[in-house]
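Coordinates in review
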Amino acid sequence: MIRLFLSRNLMAFGRSRSQCAIPVRIVSKHCDLQKQLYSHSISTHSPKLATSKFVQKLKDRIKWFDYSKSILRAGGVKLYENVADRIRHEEFFEVLGLPDTLYSWFLVLELHVWMVMARVMAEKDGRFVRNVVVESMWADVRIRINKLQDNSATNISNTLEELSQQFGAAIIAYDEGLMSDDRCLAGALWRRILQQKYGNAASLEILVKYVREQ
């Protein structure tokens, strides 16, 4: 399940927090929660047991805090970072004949984000994780545009809006291609990432095979 996968990614984070627990002292005699925690810190010899009781009592009293969603959100961000950092854009540019530009970088990133979206949507809570991945992608794109382009805030917003509209259309085309045969998928890839002018039949065939294998 995706929840188990994301929890494993954050396992080290969880252990570090549980090992940093400290005894809680009574501040107010009218605070039942603090009294209970104080009694546990005295009566038990296991810091982990006291910590687990503290977390459970805190979760019971703070109903509005969705602990599971916070884990999924952190996992979604980490998932995007792992995907984005491992893409070898230079190799894609060379094999597909794409120019080394910000737009080409985005098209290659977009393809991989879509493949991640297709995978996580098959899992429980996949829609939430998908949204976090997309949010992380746009945050990354905004940072790169700010670094590479000396534009005003209005121009940057317009660029992001245009890319967002293209992204929505590309996702629909890729989904249709994924559910259809290779010819349909090749058409979507030819129109989007190759922009109907880059690469050749051989590079397009390589790209279709790459997508099918992921």
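Residues numbered from 1 in each chain as written. Predicted model: local features only at pLDDT ≥ 70, side-chain atom pairs only at ≥ 80, totals over all residues. Heavy atoms only, no water.

Concerning the nonpolar core
Core analysis: the biggest nonpolar cluster contains 46 residues, and Val141, Leu189 and Ile193 have the highest contact counts within it. Looking at this core, the elements with two or more residues in it are α5 (67-86), α6 (89-96), α7 (102-120), α8 (126-148), α9 (153-179), α10 (182-191) and α11 (201-213). Counting residues per element, this core draws most heavily on α7, which supplies 12 residues. With residues up to four places along the chain from it excluded, the contact list for valine 141 reads Trp105, Phe106, Leu109, Leu160 and Leu163. (Core = buried A, V, L, I, M, F, W, Y, C linked by side-chain atoms within 4.5 Å. Buried < 20%, exposed > 50% of the residue type's maximum accessible area, 1.4 Å probe, protein only. Helix = DSSP H or I, 4+ residues; strand = E, 2+ residues; numbered from the N terminus. Contact = heavy atoms within 4.5 Å.)

So, the confidence of the model for the chain
Averaged over every residue, the pLDDT of the chain is 77; the share at 70 or more is 67%. Low pLDDT (under 50) marks residues 2-50, which in the prediction has 41 contacts with non-local residues, meaning those over four places away or in another chain. (pLDDT = per-residue confidence, 0-100.)

Notes on the packing of α7 against α8
At a closest axis distance of 10 Å, the pairing of α7 and α8 adopts a crossing angle of 170°. Between α7 and α8, the interaxial angle falls into the category roughly antiparallel. Between α7 and α8, the residues in contact are Leu102, Trp105, Phe106, Leu109, Val113, Met117 and Val120 and Gly126, Val129, Arg130, Val133, Val134, Met137, Trp138, Asp140, Val141, Arg144, Ile145 and Leu148, respectively. Within the contact of α7 with α8, the residues separate by chemical class into 15 nonpolar, 1 polar and 3 charged. (Axes fitted to C-alpha atoms, helices over the stretch in contact; angles between N-to-C directions. Parallel < 35°, antiparallel > 145°, perpendicular 65-115°, else oblique. Nonpolar A, V, L, I, M, F, W, Y, C, P; charged D, E, K, R; others polar.)

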